[in-house]
Amino acid sequence: MSCCKTNVGGADRILRIILGLVLIGLTLAGVIGPWGWLGVVPLATGLFRFCPLYPLLKINTCGKDACCDGGECKTDKPAE
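A quick note: this is a predicted structure, and the numbers were derived from the prediction, not measured. (Residues numbered from 1 in each chain as written. Predicted model: local features only at pLDDT ≥ 70, side-chain atom pairs only at ≥ 80, totals over all residues. Heavy atoms only, no water.)

Side note on the pattern of salt bridges
It is possible for side chains bearing opposite charge to pair when their charged atoms get close.
Part 1 of the argument: Applying the stated rule across the entire model yields 1 salt bridge.
Part 2 of the argument: Measuring nitrogen to oxygen at the nearest pair gives 3.0 Å for the salt bridge that ties Asp12 to Arg16. One end of the pair, Asp12, and the other, Arg16, are both in helix H1 (residues 10-28), 4 residues apart, so they sit about a helical turn from each other. (Salt bridge = Lys/Arg side-chain N within 4 Å of Asp/Glu carboxyl O. Helix = DSSP H or I, 4+ residues; strand = E, 2+ residues; numbered from the N terminus.)

Quick look at helix H2 (residues 40-48)
Part 1 of the argument: Burial in H2 covers these residues: Pro42, Leu43, Thr45 and Gly46.
Part 2 of the argument: Turning to H2, the residues buried within the fold contact H1.
Part 3 of the argument: Taken from the residues just after H2, Arg49 is the one with a positive phi, measuring 60°. (Buried < 20%, exposed > 50% of the residue type's maximum accessible area, 1.4 Å probe, protein only. Contact = heavy atoms within 4.5 Å.)

Overview of the side chain of Arg16
Part 1 of the argument: With a relative accessible area of 14%, Arg16 lands in the buried category.
Part 2 of the argument: Polar side-chain contacts of Arg16 include one of 3.0 Å to the side chain of Asp12.
Part 3 of the argument: Among the polar contacts made by the side chain of Arg16, one reaches the side chain of Tyr54 at a distance of 2.9 Å.
Part 4 of the argument: Sequence-distant contacts of Arg16, defined by excluding residues within four places in its chain, comprise Val8, Pro42, Leu43, Thr45, Gly46, Cys51 and Tyr54. (Polar contact = N/O pair within 3.5 Å; in protein donor to acceptor, adjacent residues only side chain to side chain.)

Looking at the packing of H1 against H2
Part 1 of the argument: Across the interface, H1 lies against H2 with an axial gap of 7 Å and an inter-helix angle of 145°. Between H1 and H2 lies a crossing whose hand is left-handed. The segment H1 lies against H2, with Arg13, Arg16, Ile17, Leu19, Gly20, Leu21 and Ile24 engaging Val40, Pro42, Leu43, Thr45, Gly46 and Leu47.
Part 2 of the argument: Tallied by class, residues from the contact of H1 with H2 come to 8 nonpolar, 3 polar and 2 charged. (Axes fitted to C-alpha atoms, helices over the stretch in contact; angles between N-to-C directions. Left-handed = near helix turned anticlockwise from the far one by under 90°. Nonpolar A, V, L, I, M, F, W, Y, C, P; charged D, E, K, R; others polar.)

In structure tokens:
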């Protein structure tokens, strides 16, 4: 099965998207400074379900051998 590798899933993904949107929103509202544009990073990693630092830290919150299929984390291995 061909798929894109993912390493961000579940609550981790939701928290990243919310944090990213909040930081960007606060920046646009003028509440915080330009550093709030860093919210693009957690937003992107949540939307793409991949964090480039996770492989270096050997972290995977999506499950072992996970790939994306229809927006959900799936494993390459068949269910037993």
